Protein chains: 2
Amino acid sequence: MPTAAIIGGGVIGSGWATRFLLNGWDVRFFDPSADAERVLQAVIERGREAMPALSDAAPKEGSLIIADSTADAVAGAVYIQESTPERIEIKQAVFRSIQEACDADAIVASSTSGFMPTELQEGALRPEQIIVSHPYNPVYLLPLVEVVASPKVSPDLIQRASDVLESVSMKPIVLGAEVPAHVGDRLLEALWREALWLIKDGVATTGQIDDIITHSFGLRWAQKGLFETYRVAGGQAGMKHFLEQFGPCLEWPWTKLMDVPDLDDALIDRIVEQSDEQAAGRTVMQLENERDRNLVALLKALRREDAAAGAFLNEVNRRKLSD
Amino acid sequence: MPTAAIIGGGVIGSGWATRFLLNGWDVRFFDPSADAERVLQAVIERGREAMPALSDAAPKEGSLIIADSTADAVAGAVYIQESTPERIEIKQAVFRSIQEACDADAIVASSTSGFMPTELQEGALRPEQIIVSHPYNPVYLLPLVEVVASPKVSPDLIQRASDVLESVSMKPIVLGAEVPAHVGDRLLEALWREALWLIKDGVATTGQIDDIITHSFGLRWAQKGLFETYRVAGGQAGMKHFLEQFGPCLEWPWTKLMDVPDLDDALIDRIVEQSDEQAAGRTVMQLENERDRNLVALLKALRREDAAAGAFLNEVNRRKLSD
């Protein structure tokens, strides 16, 4: 089996190790902290419990080796994932250690949530070998990886990285440009700041905001994204109609929402074009049918899980009573 | 059975009518446009298909009366839901027609996504009778209703409105204050603007942004909201640790993210307190177990639906080939 090297543990690095192991890869793991192996084993256990329920034919688990050093971990590895603390001087030093010992054609990827490949590559032995593969927690369950390259990285390396990530049942999305914090965390950051305003102004509590999210667009977004949802909202009149209607709303004088992008014709056309491509010929009715079928399945699934949790709590309470 | 009056159809008003009918309420419906009844029947059909799968013991469907006028629709109704076009002068005129004919103790609610109760109440016969009940599309499936009042509205009316909404299997959230666009749409607006920047700058396409959302935080938010997710991310160290760590990130010089709220001690303390209350004594491990169980159920459900959609497409293709 191919070998992945995991440099840096914690919740994210341990999640990567679990993802590779349970998808049949051999893993060489290194983290110098005393607590790292305990965290790793706990995450692997959690992954082992969850994964069989997702797959009828899980591959044979790979073997895990706890390495003594970065050099020991990366020797011979096809894919190397760095998940050390979010400080640029640490990451650059770790990349130097990695590149002194790894194969020149290995893929060297960072879990960084904030830094761009160009920053990570500064002072590196082979800058063109370093990319970002940014995952989401829990890494052993959530499929997304944002793959980010700089102009120095070859299309071949990006393709090989995507192939590796797909081989461990992940969904790599190769971004069109490098920006601080990539895409998902920027979207989260925008929503997070608005949530902070709402709390500060006493409009809603954290619990209410969570309830609002989980009972509305959270249920949408587990299965349809922002643009496809709005495409459906546009109805038969389509995405352009929706954008032209929605556009002016972006300039409403909402006290805490500022710095509005100019939704001009060029931007409208670009979104319409991309949305058309994304729909791939499906009609609004087809999209609506997909949406409703998914929502029913999700709501049923959540209800079943609530019932299971209730039964478990009853069991715990019974045991307490009989003590 | 109690009677709900639905004033104004379209996707939202028709969704409300469907929600009430399928939960056993009698409905009196009025919309002057020629197309309204066709849209209503289409939405009711869609609702009828979806609802039985969500409930083993669906109540007997209520009766539907197409009224000749607003006055005819609202006479004797316990709950009146207005879903007319998003223009304040239309809504205020409709409220005058409603209040001239409805019971003085009926609940008069607006589906408005932008206006505040204080604005809707201007010039009304009985301002204290008018609230906002803002739903999410599709109304017959998504449970959330943001309930917003002005200081003129009594706690008793707000409680009765919540009781009505719960009786049709919805999740009413009573906001702490009135602000333009309430809560959910402000969160969506913040994320939407950032998505527009990312598209404008060529960082990602609409399809990539949708894939990023549906494969990461969309799966989280169908079952755990923003704050509970971050609480789990904080791990054993808790919400305060998370906020103190995360806080500075809010001031990173991300080019397109501006107007940052001051995450001072008072705001940190408020969020920590609300998050504690929300957790209601559950440990991080308990929350993690809930999260993983839900994610497995959702991912399994989505996979099953993909398989069903695939089988359906195969069937369509077979029929095309045999034509």
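Below is a short write-up of the structure. This is a predicted model, so every value here is computed, not measured. (Residues numbered from 1 in each chain as written. Chains lettered and ligands numbered in written order. Predicted model: local features only at pLDDT ≥ 70, side-chain atom pairs only at ≥ 80, totals over all residues.)

Looking only at helices and strands, chain A features 13 helices and eight strands. Looking at chain A as a whole, 46% of its 323 residues are labelled buried. If you take every contact in chain A between residues at least 6 apart in sequence, the share linking residues at least 24 apart comes to 69%. (Helix = DSSP H or I, 4+ residues; strand = E, 2+ residues; numbered from the N terminus. Buried ≥ 20, exposed ≤ 12 C-beta atoms within 10 Å, placed from the backbone. Contact = placed C-beta atoms within 7 Å.)

To continue, consider the packing of helix α7 (residues 184-200) of chain A against helix α7 (residues 184-200) of chain B. Packing of α7(A) against α7(B) leaves a shortest axis separation of 8 Å and a crossing angle of 150°. In terms of orientation, α7(A) and α7(B) fall into the roughly antiparallel class. Along this stretch, α7(A) crosses α7(B), giving a crossing that reads as right-handed. Along the contact surface, α7(A) presents A:R186, A:L187, A:A190, A:L191, A:R193, A:E194, A:A195 and A:L198, while α7(B) presents B:R186, B:L187, B:A190, B:L191, B:R193, B:E194, B:A195 and B:L198. By residue class, the composition of the contact of α7(A) with α7(B) is ten nonpolar, no polar and six charged. (Axes fitted to C-alpha atoms, helices over the stretch in contact; angles between N-to-C directions. Parallel < 35°, antiparallel > 145°, perpendicular 65-115°, else oblique. Left-handed = near helix turned anticlockwise from the far one by under 90°. Nonpolar A, V, L, I, M, F, W, Y, C, P; charged D, E, K, R; others polar.)

Residues and elements named next belong to chain B. In this structure, strand β7 (residues 144-148) lies alongside strand β8 (residues 171-174), joined through four bridges in parallel fashion. Looking across to β8, one finds that V145 is bridged to P172. You can see the chain leave β7, run along helix α6 (residues 155-167) and come back into β8, and the turn it takes is right-handed. (Pairing = 2+ DSSP bridges. Right-handed = clockwise from strand over helix to strand, strands pointing away.)

This next bit is on the sheet that holds strand β5 (residues 107-110) of chain A. As summarised here, the arrangement of the eight strands in space is β3-β2-β1-β4-β5-β6-β7-β8 (chain A), forming an open sheet in which the pairing is mixed. The strands lining the two open edges of the sheet, one partner per strand, are β3 (64-66) and β8 (171-174) of chain A. The average undirected angle you get between the axes of adjacent strands in this sheet is 25°. Strand direction decides the pairing type here: strand β1 (residues 3-7) of chain A and strand β4 (residues 79-82) of chain A, joined by four bridges, are parallel. Bridge pairing in β4(A) places A:I7 opposite A:E82. Contacts from helix α8 (residues 206-214) of chain B reach β7 (144-148) and β8 of chain A within the one sheet, and its direction differs from that of β8(A) by about 145°.

Residue and element names in this part refer to chain B. Residues Y79 and Q81 line one face of strand β4 (residues 79-82) and the alternating positions I80 and E82 line the opposite face, and both faces are buried. In terms of strand pairing, β4 meets strand β5 (residues 107-110) through four bridges, oriented parallel. Bridged to Y79 within β5 is I107. In the classification by handedness, the crossover that spans β4, the intervening helix α4 (residues 88-101) and the parallel β5 is right-handed.

So, on to the sheet that holds strand β3 (residues 64-66) of chain B. Residue and element names in this part refer to chain B. Read from one edge to the other, the open sheet built from eight strands follows the order β3-β2-β1-β4-β5-β6-β7-β8, with strand pairing classed as mixed. Edge positions in the open sheet fall to β3 and β8, since each of these has one partner strand only. Averaged over all adjacent pairs, the angle separating strand axes in this sheet is 25°, with direction ignored.

All names here are of chain A. Its 13 residues give helix α1 (residues 10-22) an end-to-end C-alpha distance of 18 Å, which sits within 8% of 18 Å, the value for a rise of 1.5 Å per residue. Burial of α1 is extensive: eleven of the 13 residues sit out of reach of the surface. Those residues of α1 hidden inside the fold are in contact with β1, β2 (26-30), α2 (36-50), β3, β4 and β6 (130-135). One or two positions beyond α1, positive phi appears at G24, with a value near 90°. (Expected span 1.5 Å × (residues − 1).)

In this structure, the amide linkage connecting A:N137 to the following residue, A:P138, adopts the cis form with an omega of -5°. As for its placement among the helices and strands, A:P138 is situated in the loop between β6 and β7. Even without glycine at this site, A:H182 takes up a positive phi of about 60°. Mapped onto the elements, A:H182 comes out in the loop between β8 and α7. Phi is positive for B:S169, which is not a glycine, with a value near 60°. If you trace the backbone, B:S169 turns up in the loop between α6 and β8.

Okay, the environment of B:F30 next. Residue and element names in this part refer to chain B. Along the chain, F30 turns up in strand β2 (residues 26-30). When the 24 C-beta atoms within 10 Å are taken as the criterion, F30 is described as buried. Each C-alpha atom, one on F30 and one on A73, is 6.2 Å from the other, the two residues being 43 residues apart in sequence. When neighbours within four sequence positions are excluded, F30 is seen to be in contact with I7, A67, S69, T70, D72 and A73.

Of all nine residues in helix α8 (residues 206-214) of chain A, eight are buried; the element is thus mostly enclosed. Within the span of α8(A), buried status applies to A:T206, A:Q208, A:I209, A:D210, A:D211, A:I212, A:I213 and A:T214.

All names here are of chain A. Between α1 and α2, whose axes approach to 9 Å, the crossing angle comes to 50°. Considering the angle they form, α1 stands oblique to α2. Judged by the twist between their axes, the crossing of α1 over α2 is right-handed. Contact residues: G10, V11, S14, G15, A17, T18, L21 and L22 in α1; V39, L40, V43, I44, G47 and R48 in α2. Broken down by class, the residue content of the contact of α1 with α2 amounts to eight nonpolar, five polar and one charged.

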